[in-house]
Amino acid sequence: MAILEIADNVFNVGAKDWNISDFHGYSTPFGTSYNAFLVIDEKIALIDTVKKEFSDELIANISRIVDPRKIDVVISNHTEMDHSGGLPRVMHRIGEDKPLYCSKMGAKNLSRHFSGNFNYKPVGSGDTLSLGKNTLSFLETRMIHWPDSMFTYAKENKILFSSDGFGQHYAGSENFDDEIGEAIMPHAKKYYANILMLYAPLLLKLVEQVQKMDLEIDMICPDHGILWRSDPGKIVNAYVRWSRQESSTKAVVVYDTMWHSTEKMADAIASGLHEAGVNARPMNLRKWHRSDIMTEVLDAGAVVVSSPTLNNGLFPTVSDFLAYMKGLKPKNKIGAAFGSYGWSGESVKLIQSELEAMNFEMIESGLKIQYVPDDAGLDACEQFGKAIGDAVVSKHENTDPPQPAVLHANE
Ligand code: FEO
C-alpha cells in the first residue's frame, strides 16, 4: 500500500490485503486492509500493526518515513491477530524494550498470544500520553469487540483511531469516504452486521459516552477500510441506527432446498409478503453467503427461515445459518418457519424452537407441506407470507418513528 499522509505528520503505514476472500467465516470478496498509523512528533508513535503476513510491508512503509528504530512507543488498540500478528516482528525491529501501550486486558491477552516479554504499559480510559505536539488519550471499549479493545484519540489533530469500530472489509484505490461516497456504506453495514451486531447495546452506550466527553472529531480512522474524514458523523449515526434495530417493512426469507419444493414455498411466501407491502427477498443458502444474509437480517423486520427435513433434522446449511445468526443476537425481529418434507417433517419445529431461543416474535405457527406444493399449497404459502407481512407492517406502524441523527462529529 502506498504510504498515505492523513494529517500533518500522521501516516497510514498499513497494508491492503487484496486477495483475502474469507475472514474467519465472513466472505470478503473486496479484500480488506490492515491500517496502522505512524505519528511523527518529538516522540514517534506507531498505532497498531498488521496481520503477520504483512509485517515486512509495514516495516518497509515505516522505513520510507523514518528508521523504525526511532519509534519511541507502540500502541496496541486490539489484540486480534489481524492487528497484532505483526507485533513481535515490529518490536524485534524497533527494540523490544520500547513501551507498548495497551489496555489492561490488552496486556493480558497479548501475553497469551506472544511469548516476547514486552514492556507493557497498561492504560485505562482517560489516561493520556504526550508525544510533543500531539496528545494521545485512551478510551477502553471493552467487548467492542474483544475484552481488550480500546480507541486512541489524538487531541490536536482531532483524530479518533477506532480499531475495528467503524471499519469495513474493503480494499480499493480509495482511502477516504469522500473518494468512494455512498458505495462504502454496504461494506460498513456488512461489517457491523457480522462483527458488531451482538454488541449493539454496548455501542449505543459508547456513542453516548463519547458525546458526553464532547470530543471534537475531524476524522475517524478504523483499522480496516477507508477513513472517515468528510463526514465522520455519518458512520456514527449509521451505527446508532443499526444498533437500535428499529422495525422496518422488510423481510428476509432464508432457505435451502433439495428438490425445489422448499424453494417454491419460499418464492410464494415472498409473494405474500410483497402483497402485504413488505420488501422481501428469498435467499438460498447455497447461493448467498451467511454473512451476506446477516447483512440483510440487520435491518429486516422479519426473518422467515426454512429447511427441508433431511434425516429427521435440518439441512446442514440451515443449521449453520441458525447457529451463526444466534451468535450475532439480532433483536426486535418477527420470525416464522416453513419447509417441505417427505415423511417425518421435523424441520419446521426445529427451526421454530431455534428462533424462539433467539427471542424472535413468532406470529404464525410453522407451515409444512409434504413433498411438492400443489396450487392449494402455494396459495397457503402466499397467505402465510401475507399474514407475516401484515404483522410486519402493523408493528412498523405502531413503532415510534426513528430517532433523528444524533451526531455530526466534525461540526
Ligand atoms: Fe480487525 Fe477484531 O480484528
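**Quick look at the environment of D8**
So, step 1. Structurally, D8 can be placed in the loop between β1 (4-7) and β2 (10-12).
So, step 2. Judged by relative accessible area, which is 60%, D8 ranks as exposed.
So, step 3. Residues D8 and N157, spaced 149 residues apart in sequence, show a C-alpha to C-alpha distance of 8.2 Å.

**Regarding helix α4 (residues 104-113)**
So, step 1. The set of residues buried in α4 consists of M105, G106, A107, N109 and L110.
So, step 2. Contacts made by the buried residues of α4 are with α2 (81-84), α3 (87-94), β10 (99-103) and β11 (119-123).

**Concerning the nonpolar core**
So, step 1. Ranked by size, the top nonpolar core spans 86 residues in total, and within it I235 and M325 carry the most contacts.
So, step 2. Examining the composition of this core, we find that seven residues originate from one element, helix α6 (residues 185-196), more than from any other.
So, step 3. Taken together, domain 1 (4-243) and domain 2 (250-394) each give at least three residues to this core, which thus spans both.
So, step 4. Look past the residues within four positions of I235 in its chain and what remains in contact with it is F166, M185, A188, I220, W228 and W242.
So, step 5. Of all hydrophobic cores here, the second largest spans 24 residues; its members include A7, L129, A154 and M219.

**Thoughts on unusual backbone geometry**
Most peptide bonds are trans, and most residues other than glycine sit at a negative phi.
So, step 1. The linkage connecting I144 with the following residue, H145, adopts the cis geometry, with an omega of 5°.
So, step 2. In this structure, H145 sits in the loop between β13 (135-140) and β14 (150-154).
So, step 3. The backbone phi angle of N312 is positive, close to 65°, even though this residue is not glycine.
So, step 4. Note on placement: N312 falls in the loop between β19 (302-306) and α11 (316-328).
So, step 5. Classification of N312 by relative accessible area gives partly exposed; the value is 48%.
So, step 6. Residue K329 is not a glycine yet carries a positive backbone phi of 50°.
So, step 7. For K329, the position within the fold is in the loop between α11 and β20 (334-341).

**Description of the sheet that holds strand β12 (residues 128-130)**
So, step 1. Strand order in the open sheet formed by five strands is β12-β13-β14-β15-β16, with mixed pairing between adjacent strands. Strands at the two margins of the open sheet, each flanked by one partner only, are β12 and β16 (219-222). For this sheet, the mean angle separating the axes of adjacent strands, direction not counted, is 20°.
So, step 2. As judged from the five bridges shared by β13 and β14, these two strands associate in the antiparallel manner. Counterpart to E140 in the pairing with β14 is M150.

**Here's the deal with the packing of helix α9 (residues 261-275) against helix α13 (residues 375-397)**
So, step 1. For the pair α9 and α13, the least separation of the axes is 6 Å and the interaxial angle reads 45°. Comparing the axis directions of α9 and α13 gives the class oblique. As α9 packs across α13, the resulting crossing turns out to be right-handed. Contact residues: α9 offers K264, M265, A268, I269, S271, G272, L273 and E275, while α13 offers L378, C381, E382, F384, G385, K386, I388 and G389.
So, step 2. Of the residues belonging to the contact of α9 with α13, the class tally is eight nonpolar, four polar and four charged.

**Quick look at the pairing of β13**
So, step 1. In the sheet, β12 pairs with β13 via three bridges, with the strands oriented antiparallel. Along β13, the bridge assignment pairs T128 with S137.

**Section: the sheet that holds strand β8 (residues 45-47)**
So, step 1. Across the sheet, seven strands lie side by side as β1-β2-β7-β8-β9-β10-β11; this open sheet has mixed pairing. Single-partner strands in this sheet number two, and they are β1 and β11. Pairwise comparison of adjacent strand axes, ignoring direction, gives a mean angle of 25° for this sheet.
So, step 2. The strands that α4 touches are β10 and β11; relative to β10, the one it contacts most, it runs at about 115°.

**Description of the pattern of salt bridges**
Any two side chains of opposite charge can pair, on the condition that their charged atoms come close.
So, step 1. Summed over all chains, the structure comprises 16 salt bridges.
So, step 2. With its nearest N and O atoms 3.9 Å apart, the salt bridge here joins R244 to E246.
So, step 3. Among the residues examined, E246 registers a relative accessible area of 23% and is labelled partly exposed.
So, step 4. Several salt bridges share partner residues, and in doing so they unite K189, K250, E296 and D299 into one network.

**So, the packing of aromatic side chains**
So, step 1. Counted under the stated rule, the structure contains 10 aromatic pairs.
So, step 2. With 6.4 Å between their ring centres and 50° between their planes, F151 and F166 make a pair best called tilted. Taken together, the residues span a long stretch of sequence, with F151 in strand β14 and F166 in the loop between β15 (159-163) and α5 (177-180) at a distance of 15 residues. Here F151 and F166 have matching classes, each one buried.
So, step 3. Among the aromatic residues, those joined into a ring-pair cluster are F151, F166, Y192, Y239 and W242.
So, step 4. Its guanidinium or amino end placed over the ring of F176, R229 lies 3.7 Å from that ring's centre, counting from NZ or CZ.

**With respect to the domain arrangement of the protein**
So, step 1. By the assigned domains, the protein splits into domain 1 (4-243) and domain 2 (250-394).
So, step 2. Distance from the C-alpha centre of domain 1 to the C-alpha centre of domain 2: 38 Å.
So, step 3. Opposite the 12 residues of domain 1 that make contact, domain 2 presents 15 residues.
So, step 4. Both sides of the domain 1 and domain 2 interface together cover about 1200 Å² of buried area, and 58% of this is carbon and sulfur.
So, step 5. Applying the counting criterion to the domain 1 and domain 2 interface returns two salt bridges.
So, step 6. A salt bridge links K189 to D299; the shortest N-O distance between them is 2.9 Å.
So, step 7. At the boundary of domain 1 and domain 2, one finds seven residue pairs in polar contact (both at pLDDT 80 or more).

What counts and how
- One numbering rule holds for all chains: residues counted from 1, following each sequence as written.
- With the structure being a predicted model, the display of local features is reserved for residues of pLDDT at least 70 and the display and counting of side-chain atom pairs for 80 or more, all residues being used for whole-chain, interface and lining totals.
- Only heavy atoms go into the side-chain values, all of them from the structure, while hydrogens and water stay out.
- Secondary structure elements are taken from DSSP: a helix is a run of H or I of four residues or more, a strand is a run of E of two residues or more, and numbering for both begins at the N terminus.
- Each residue gets one of three labels from its accessible area relative to the maximum for its type: buried under 20%, exposed over 50%, partly exposed in between, using a 1.4 Å probe on protein chains only.
- Two residues form a contact once any of their heavy atoms are found within 4.5 Å.
- As used here, the term nonpolar core means buried Ala, Val, Leu, Ile, Met, Phe, Trp, Tyr and Cys residues forming a set that is joined through side-chain atoms within 4.5 Å.
- Note that domain bounds follow an automatic or database assignment of domains.
- Paired strands, in this sense, are two strands between which DSSP finds at least two bridges.
- Simply put, an axis is a line fit to the C-alpha atoms, just over the touching stretch for a helix, and the angle between two N-to-C directions goes from 0 to 180 degrees.
- Note on angle classes: values under 35 degrees are labelled roughly parallel, values over 145 roughly antiparallel, values of 65 to 115 roughly perpendicular, and the remainder oblique.
- For any pair of crossing helices, the crossing counts as left-handed if the nearer helix is rotated counterclockwise from the farther one by less than a right angle, and right-handed if it is rotated clockwise.
- Here the term charged refers only to Asp, Glu, Lys and Arg, the term nonpolar to Ala, Val, Leu, Ile, Met, Phe, Trp, Tyr, Cys and Pro, and the term polar to all other amino acids, Gly among them.
- Between Lys or Arg on one side and Asp or Glu on the other, a salt bridge is scored when a side-chain nitrogen of the former is within 4 Å of a carboxyl oxygen of the latter.
- For this analysis, a ring pair means two rings from Phe, Tyr or Trp (six-membered ring only for Trp) whose centres lie within 6.5 Å, classed as stacked if their planes differ by under 30 degrees, edge-to-face if by over 60, and tilted for the remaining angles.
- Ring-over charges, as used throughout, are those where CZ of Arg or NZ of Lys falls within 6 Å of the ring centre and within 35 degrees of the ring normal.
- In this description, buried area is defined as the sum, over both parts, of the accessible area (probe of 1.4 Å) that is lost when the two are combined.
- Counted as a polar contact is a pair of N or O atoms within 3.5 Å, where, for protein atoms, one must be capable of donating a hydrogen and the other of accepting one, and residues adjacent in sequence contribute only when both atoms are in side chains.

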